[in-house]
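Architecture and fold: a report
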Amino acid sequence: MTYRADDRRFMLAAARLARRGLGRVWPNPSVGALVVRQEGGAKSIVVGRGVTGLPGTGHAEARALAQAGELARGATCYVTLEPCSHFGRTPPCSLALVEAGVGRVVIGIADPNPRVSGRGITILREAGIEVVVGVGRDVCEDLHAGFVSRISRHRPLVSLKMAVSADGGIGRRGAEPGQEQIHLTGAMTNAHVHAMRAGSDAILIGVGTALADDPSLTCRLPGMKGRSPIRVVLDSKGRLPLISNLVKTAADVPVWLVTTPQSDPNYLEQLIAAGVLVIKVPQDAVGNIDPGVALAALSARGITSVLVEGGAKVAASFEQAGLLDRLHLIRSAKVIGEGRLGPFDEISLESVLNDPSYARHGEGQWGSDRFEIYRRI
Ligand code: AOF
Ligand code: ZN
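Residues numbered from 1 in each chain as written. Chains lettered and ligands numbered in written order. Predicted model: local features only at pLDDT ≥ 70, side-chain atom pairs only at ≥ 80, totals over all residues.

Examining the overall build of the protein
Where we set the bar: Here a strand is any run of E in DSSP of at least two residues, a helix any run of H or I of at least four, and the numbering for each starts at the N terminus. To get the radius of gyration, use the C-alpha atoms; to get the globule rule, take the number of residues to the power 0.38 and multiply by 2.2 Å. Exposure is read from a count of other C-beta atoms within 10 Å of each residue's own; the residue is exposed at 12 or fewer, buried at 20 or more and partly exposed in between. C-beta atoms are placed from the backbone. Whether two residues are in contact depends on their C-beta atoms, placed from the backbone: they are in contact if these lie within 7 Å.
Helix and strand counts for the protein stand at 13 helices and 16 strands. Its C-alpha atoms give the protein a radius of gyration of 23 Å, within 12% of the compact-globule value 21 Å for 377 residues. In terms of overall dimensions, the protein has a C-alpha envelope of 70 × 45 × 40 Å along the principal axes. Looking at the protein as a whole, 46% of its 377 residues are labelled buried. Contacts spanning at least 24 positions in sequence make up 71% of the contacts within the protein whose residues lie at least 6 apart.

Written out as structure tokens, the structure reads:
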């Protein structure tokens, strides 16, 4: 098994390509593949590129091989996830690579899917193809974190996005329903938030946020319309108004309401008629929705990544259950003052950030807003 100087560079290029598909191809992983020919001397040329299509429309390797055609013979295929070995919605990619006559396959990470898990690598090796595994592993683990989480933990990867004021608030107590909350972040942050939404399979809020802010939670970035994720509302008692922006747009962008048997079945029927998908889960001892139960229900429907967008009660329940994998904290220079609400309800932001189970993973500046990214370790 030999590494070549260019291996990491090509794997990172495949991963970059694949990133564009995040949020669109669930329950599948967004895989990236490149077919590269080594010409005379040290010159390498990319002859095929592929990303996983919408479910059923083709895997990354098959697309890259189709583009490469005869040029795939003797070439190297870089692929972020182990090529599949099963006849699923499409024929196995490992066989397609054998048939195309590639000489070498460089893989980012093995596929944890029990239908594959090493069998793709075995098929390639048994056909005499040189296989290298683990090139760009860090980047590919990050790229496929949602898919791996769903397969191995039966829950999606959970990221929390939260904007706090300079005095540590996320909003004002007692804001009337529909009354404009103070807008904390600038245009550059908003663009990043929309991109974050587009790269997630689902966005999740509590019904309190829906009642207070009436958000639509769609991705409205220019060029990214149609990239809105599933909008999930945790609503134990079925209070999401029929006239809310979420319900009004449910026919265009799906709304999934996670609720419990406490909801009025007649009202749920009206929400269903308005295009909402109602998911009933058992309530916990105090009548709330257990966040772990909600995540399991989303995972069962194919969701691999969730962006939690509010509010404080939902953030606190996910934090307390140890279910936040990533925190995206945006610190605005604006001040809210009296009556401000903390980001984690009763739990202080400092105690969350000082929790040794999180490590700071990145930081920077978007316009006048600072951002910090933390990851559960
Ligand atoms: C690959 N290349 O681009 C992807 C793979 O339902 P199917 O038939 O599309 O199979 C989905 C499974 O295939 C998925 O769970 C994962 O194990 C693998 N995804 N494999 O070789 C790809 N998307
Ligand atoms: Zn495949």
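There's more to say after this.
A short note on the UniProt feature "active site" (unreviewed entry) in the protein
We count it as follows: UniProt positions are given in the numbering used here, feature names are shortened, and annotations may be inferred rather than shown by experiment.
The feature "active site" (unreviewed entry), as annotated in UniProt, sits at Glu61 in this numbering. When you line up the elements, Glu61 lands in helix H2 (residues 60-68). The buried category is assigned to Glu61, around which 33 C-beta atoms lie within 10 Å. Residues contacting Glu61, with those up to four places away along its chain left out, are Ala33, Gly50, Cys77, Val79, Pro83, Cys93, Ala96 and Leu97.

Examining the sheet that holds strand E3 (residues 76-81)
Quick note on the threshold: Only when DSSP finds a minimum of two bridges between them are two strands counted as paired. As a rule, the C-alpha atoms of each element are fitted with a line to give its axis, helices using only the stretch in contact, and angles between N-to-C directions run from 0 to 180 degrees.
Pairing is mixed in the open sheet, where five strands are placed in the order E2-E1-E3-E4-E5. The open sheet terminates on both sides in strands that have one partner only, identified here as strand E2 (44-51) and strand E5 (130-133). Pairwise comparison of adjacent strand axes, ignoring direction, gives a mean angle of 20° for this sheet. For strand E1 (residues 32-38) and E2, the ladder comprises seven bridges, and the chain directions are antiparallel. Counted as the bridge partner of Leu34 is Arg49 from E2.

Some thoughts on the packing of helix H3 (residues 93-100) against helix H4 (residues 119-126)
To keep things clear, this is the line we draw: Oblique is the label for any angle not under 35 degrees, not over 145, and not in the 65 to 115 range, which are roughly parallel, roughly antiparallel and roughly perpendicular in turn. Should the near helix be turned counterclockwise from the far one by less than a right angle, the crossing is left-handed, whereas a clockwise turn marks it as right-handed. Each residue is assigned to one of three groups, with Ala, Val, Leu, Ile, Met, Phe, Trp, Tyr, Cys and Pro labelled nonpolar, Asp, Glu, Lys and Arg labelled charged, and all others, Gly among them, labelled polar.
At a minimum axis distance of 9 Å, the contact between H3 and H4 shows a crossing angle of 15°. Looking at the two axes, H3 sits roughly parallel to H4. In the packing of H3 onto H4, the handedness of the crossing is right-handed. Within the contact between the two elements, H3 uses Ser94, Leu95, Leu97 and Val98 and H4 uses Gly120, Ile123 and Leu124. When the residues that make up the contact of H3 with H4 are grouped by side-chain class, the tally is five nonpolar, two polar and no charged.

Considerations on the UniProt feature "binding site: Zn(2+)" (unreviewed entry) in the protein
As recorded in UniProt, the sites labelled "binding site: Zn(2+)" (unreviewed entry) are His59, Cys84 and Cys93. A stretch of 35 residues holds the annotated residues, and the largest C-alpha distance among them is 8.9 Å, short enough that they meet in one place. Topologically, His59 is positioned in the loop between E2 and H2. On the neighbour-count criterion, His59 (28 C-beta atoms within 10 Å) is buried. Excluding its chain neighbours within four sequence positions, the residues that come into contact with His59 are Val31, Thr52, Cys84, Thr90 and Cys93. Positionally, Cys93 belongs in helix H3. The contacts of Cys93, once residues within four sequence positions are left out, are His59, Glu61, Ala62, Pro83 and Cys84.

Brief notes about helix H12 (residues 312-320)
Of all the positions in H12, only Ala312, Val314, Ala315, Ser317, Phe318 and Glu319 are classed as buried. Phi turns positive one or two residues past the end of H12, at Gly322, with a value near 70°.

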